[in-house]
Amino acid sequence: MRLGADHVRVRVPATSANLGPGFDAFGIALGLYDELEVRALGSPGVKVQVTGEGAGQVPDDEQHLVVSSLRAALDLVGASQTGLDLVCHNRIPHGRGLGSSAGAVVAGIVAARGLIAEPEALSDDVVIDLAAQIEGHPDNAAPAVLGGATLAWRDDRFRAVDLAVHDDVAVLAIVPPTHLSTKAARGVLPATVPHGDAAFQAGRAALLVEALARRPDLLLTATQDRLHQEYRRSVMPGSLALVDVLRARSVAAVVSGAGPTVLVLARRTGTGTTDADDAVRDAFGGAMGGWQILPLPVDRTGATVQRVT
């Protein structure tokens, strides 16, 4: 397959995975974006420029996740490889459980979609499957591609479907100053869990679908978890302490993905605020200690690519 363009712009949203009980399955796209430009060069090699999150820390060569993912997508559809000039403007925090790595992977694959002459070869289904293969799990990749909330799984390949999100659902991301790798967060999880906890988790995950779509009043109950968060307390004690405080105030707070960001699923009020705002402010008592509170809309679009002429 030949290339059909030599310059594209891509935008990809932050994402939060798990949402409490939906471990490695549920995710939601958020209105915070990485933006990048890719140019196909006539000469071999790669140039990478990064501003914002990850600048000076991420690879600036073929090992950059956008580059390696783009090349994997070109190989998948049988397109010729090319030299690349990549410019990234990153806003998604790194190592905080907001899908920065999945965003980079999806951005690279979607950039390839924009470059090739037959973009339909990289359909959303194909992008999700390839991104999840690279990531190892689909919970962040799916909402990054589709937007909104998603439920992802694996049978013969990685798959995902949209989940409805009620207009009254509002999201707050409470981002700590500390980083935590996904490897460290997953490393403390046990190989097995009690049958009773698994049954509890299945019920809460099913309830979360209803709470997101039609009954936001059930979000506190629907976000209860017995599968992963408590096991991770040793590697993110501050985040889990904040979750405890907020849930005691009837706020649907969970660990965002592998953490350490805390995600709040709140409800909008008639004044333009949410029913969780006061509790979140009170939890810090005026001393934020480097934490940031980010009110974020639900992104309903997912990753986009535009050819530049």
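Quick look at the structure, then. (Residues numbered from 1 in each chain as written. Predicted model: local features only at pLDDT ≥ 70, side-chain atom pairs only at ≥ 80, totals over all residues. Heavy atoms only, no water.)

## Comments concerning the layout of surface pockets
Over the atoms rolls a probe the size of a water molecule, and its path tells where empty space is left.
Here is step 1 of the chain: A volume near 350 Å³ is recorded for the largest pocket.
Here is step 2 of the chain: If you trace the largest pocket, you find 25 residues lining it, with Gly97, Ser101, Ser181, Thr182 and Ala258 closest to the centre.
Here is step 3 of the chain: For the lining of the largest pocket, the elements supplying multiple residues, two or more each, are β1 (7-18), β2 (22-41), α2 (100-115) and α5 (182-187).
Here is step 4 of the chain: Residues that form the lining of the largest pocket fall into these classes: 6 nonpolar, 12 polar and 7 charged.
Here is step 5 of the chain: Taken as a whole, the second largest pocket encloses approximately 260 Å³ of empty space.
Here is step 6 of the chain: Forming the walls of the second largest pocket are 19 residues, and the residues nearest its centre are Val58, Leu65, His94, Ser100 and Ala104. (1 Å grid on protein atoms, 1.4 Å probe; cavity = no way out; pocket = protein on both sides within 12 Å on 5 of 7 lines; lining within 4 Å. Points joined across faces, edges and corners; volume = space filled by probe spheres on them. Helix = DSSP H or I, 4+ residues; strand = E, 2+ residues; numbered from the N terminus. Nonpolar A, V, L, I, M, F, W, Y, C, P; charged D, E, K, R; others polar.)

## What to know about the sheet that holds strand β10 (residues 292-296)
Here is step 1 of the chain: Spatially, the 4 strands line up as an open sheet ordered β8-β9-β7-β10, and their pairing is antiparallel. Strand pairing shows two members of the sheet lacking a second neighbour, β8 (252-255) and β10, which therefore form its edges. For this sheet, the mean inter-axis angle between neighbouring strands, taken without regard to orientation, is 25°.
Here is step 2 of the chain: Pairing of strand β7 (residues 169-175) with strand β9 (residues 262-267), which is carried by 6 bridges, proceeds in the antiparallel orientation. Each residue of the ladder has a partner; that of leucine 172, found in β9, is valine 264.
Here is step 3 of the chain: Contacts from helix α8 (residues 237-248) reach β7, β8 and β9 within the one sheet, and its direction differs from that of β8 by about 165°. (Pairing = 2+ DSSP bridges. Axes fitted to C-alpha atoms, helices over the stretch in contact; angles between N-to-C directions. Contact = heavy atoms within 4.5 Å.)

## Quick look at the environment of isoleucine 174
Here is step 1 of the chain: Position of isoleucine 174 among the secondary structure elements: in strand β7.
Here is step 2 of the chain: The class of isoleucine 174 is buried, set by a relative accessible area of 0%.
Here is step 3 of the chain: Sequence spacing of isoleucine 174 and alanine 253 is 79 residues, and the spatial spacing of their C-alpha atoms is 9.7 Å.
Here is step 4 of the chain: In contact with isoleucine 174, other than residues within four places in its own chain, are Leu242, Leu246, Thr261, Val262, Val264, Val280, Phe284, Trp291, Gln292 and Ile293. (Buried < 20%, exposed > 50% of the residue type's maximum accessible area, 1.4 Å probe, protein only.)

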